[in-house]
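Geometric and topological summary
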Amino acid sequence: MADHQLITIVWSHYNEQVRWVLQRYGVEWREHAYLPVFHFLPVMWETLGRGVGHADKVSSRFSTPLLITDEGRRISDSREIMKYLSDRFAEKKNHLYPTAEVTQLQNYFHDHLGPATRKIVYYMLLPSPEINQEMVKKLVSLPQQWMFKFLGSIMTNMITQNLHINEKTVQKSLQKVRQIFSEISERIQSRKYLVGRKISAADISFACLASPVLWIDQSEGHSTIPVLDSKFPKEFIDLKEELRATPAGQFALRLFKEEHQTIKA
Ligand SMILES: N[C@@H](CCC(=O)N[C@@H](CS)C(=O)NCC(=O)O)C(=O)O
């Protein structure tokens, strides 16, 4: 039987959620990692005419992650994939969706936290050619690195426009992130996980979708985000430190450190 295959935008936080679950259940997979914009053709190739993929308020119909299962099924949307993996590979006691509250929280993070952290990080880091080049060099294949050399500025413009990234929208996103961090800080004060006594999809979604603004990298448990030599702009360092100091920030860091690994059955 073929392995599972995962088409990703390599640095995407929505994609990290799925890697987390694959890894958690010890499922083998092959990843086809792309830069944004370059993901478009491979996803289209694998989905067109199959009735797979739909646009939603945070992404296009060709969004990543896209899972091609070992049985040839295509599943798009990180939440659908996580549910599929949990149904198929988890024992009942380790299932990631034990209650409806988990799904509600996950949808809340998907719709509000994910787009806000993405906007902020692109706004603060995309203008830095050093960071872009280092990320690209450390994360994708040589042909994509070459293409990025020529198309980099067109790609960054496309990202900025498609995601409506500007001063005004980023201020709103900052407010949203601070609001969600304060809600989660409150909620997590007296408990180890967001729902019940075991890790659930809600915890994984919070940790992953918050990770860009905390800049959780490979040294802290992230699967792909490399440790960078380039310097971050001051406004980003300040934000990262502010959010890391909150109980919600500490919670996300702890989950990456302690839970982002294969569980022993
Ligand atoms: N509903 C989707 C959202 C994922 C998403 O927004 N993915 C982004 C990367 S951060 C993407 O692939 N964007 C490109 C596109 O929409 O074509 C999911 O949960 O998988």
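As the structure is a computational prediction, the values presented were derived from the model and not from experiment.

Let's shift gears to the site of the ligand. The local shell around the ligand holds 16 residues, among which Asp56, Ser60, Thr64, Ser78 and His110 are the closest. Separating an oxygen atom of the ligand from a backbone N or O atom of Thr64 is a distance of 2.7 Å. Within the side chain of Ser78, a nitrogen or oxygen atom sits 2.5 Å from an oxygen atom of the ligand. Taking 510 Å² as the accessible area of the ligand by itself, protein coverage stands at 90%. Across the shell around the ligand, the residue classes break down as five nonpolar, eight polar and three charged.

Counted at 1.5 Å a residue, the expected span for helix α7 (residues 167–188) with its 22 residues is 32 Å, and the 31 Å between its end C-alpha atoms agrees. All of the buried residues along α7 are Val170, Ser173, Leu174, Val177, Ile180, Phe181, Ile184, Ser185 and Ile188. Buried positions in α7, seen along its axis, are confined to an arc of 140° and lie on one side of it. Opposite the buried face of α7, by more than 90 degrees, sit the exposed residues Lys168, Lys172, Gln175 and Glu186. Residues of α7 that are buried in the fold lie against α4 (100–125), α8 (201–214), α9 (234–244) and α10 (247–259). At the N-terminal end of α7, a side-chain oxygen is found 3.0 Å from the backbone nitrogen of Lys168, two or three residues along, and the residue is Asn166.

Let us look at the domain arrangement of the protein. Its domain assignment divides the protein into domain 1 (4–91) and domain 2 (100–259). Once you take the C-alpha centre of each, domain 1 and domain 2 turn out to be 18 Å apart. In this complex, domain 1 contributes 24 residues to the contact, which on the side of domain 2 involves 37 residues. Of the roughly 2,700 Å² buried where domain 1 meets domain 2, counting both sides, 68% is carbon and sulfur surface. Summed over the three residues of domain 1 that lose the most area to domain 2, namely Trp11, His13 and Trp20, the buried surface amounts to 28% of that side.

This brings us to the pairing of strand β1 (residues 4–9). Counting buried positions along β1 yields six of six residues, so the element is predominantly enclosed. The side-chain alternation of β1 yields two buried faces, one formed by His4, Leu6 and Thr8 and the other by Gln5, Ile7 and Ile9. Inspection of the sheet shows β1 paired to strand β2 (residues 29–34) by six bridges, in the parallel sense. Bridging across to β2, His4 finds its partner in Trp29. Regarding topology, helix α1 (residues 13–24) serves as the crossover connection from β1 to the parallel β2, and that connection is right-handed. Note: β1 against strand β3 (residues 66–68), three bridges, orientation antiparallel. From the neighbouring strand, Gln5 faces β3, where its bridge partner is Ile68.

So, about the sheet that holds strand β4 (residues 74–76). Overall, mixed pairing links the four strands, which are arranged β2-β1-β3-β4 in an open sheet. The open sheet has two edge strands, β2 and β4, and neither has a second partner. Each strand of the sheet is rotated relative to its neighbour by a mean of 20°, with strand direction disregarded. Helix-sheet contacts for α1 involve β1 and β2, and the interaxial angle to β1 is about 155°.

A word on the side chain of Asp217. Examined against the element boundaries, Asp217 turns out to sit in the loop between α8 and α9. Arg244 provides the closest opposite charge to the buried, salt-bridge-free Asp217, at an N-O distance of 6.2 Å. Setting aside anything within four residues of it in sequence, one finds Asp217 in contact with His222, Ile225, Pro226 and Val227.

Attention now goes to the pattern of salt bridges. What the rule picks out here adds up to 18 salt bridges. Between Lys57 and Asp111 there is a salt bridge, with the nearest N and O atoms lying 3.7 Å from each other. Taken together, the residues span a long stretch of sequence, with Lys57 in the loop between α2 (40–47) and β3 and Asp111 in helix α4 at a distance of 54 residues. According to the relative accessible area criterion, Lys57 is exposed, its value standing at 66%. By relative accessible area, Asp111 is classed as partly exposed at 23%. Here Arg187 makes a salt bridge to Glu101, at a shortest N to O gap of 2.7 Å. Taken as a pair, Arg187 in helix α7 and Glu101 in helix α4 lie far apart in primary sequence, 86 residues in all. For Glu101, a relative accessible area of 34% corresponds to the partly exposed category. Each member of the salt-bridge network shares a partner with another, and the members are Glu16, Arg19 and Glu31.

Cut-offs used in this document
- Residues numbered from 1 in each chain as written.
- Predicted model: local features only at pLDDT ≥ 70, side-chain atom pairs only at ≥ 80, totals over all residues.
- Heavy atoms only, no water.
- Near = heavy atom within 4 Å.
- Polar contact = N/O pair within 3.5 Å; in protein donor to acceptor, adjacent residues only side chain to side chain.
- Areas by Shrake-Rupley, 256 points an atom, 1.4 Å probe, with all protein chains shown as cover.
- Nonpolar A, V, L, I, M, F, W, Y, C, P; charged D, E, K, R; others polar.
- Helix = DSSP H or I, 4+ residues; strand = E, 2+ residues; numbered from the N terminus.
- Expected span 1.5 Å × (residues − 1).
- Buried < 20%, exposed > 50% of the residue type's maximum accessible area, 1.4 Å probe, protein only.
- Arc of directions from axis to C-beta.
- Contact = heavy atoms within 4.5 Å.
- Domains from an automatic or database assignment.
- Buried area = accessible area lost by both parts, 1.4 Å probe.
- Pairing = 2+ DSSP bridges.
- Right-handed = clockwise from strand over helix to strand, strands pointing away.
- Axes fitted to C-alpha atoms, helices over the stretch in contact; angles between N-to-C directions.
- Lys, Arg positive; Asp, Glu negative; His and termini not counted.
- Salt bridge = Lys/Arg side-chain N within 4 Å of Asp/Glu carboxyl O.

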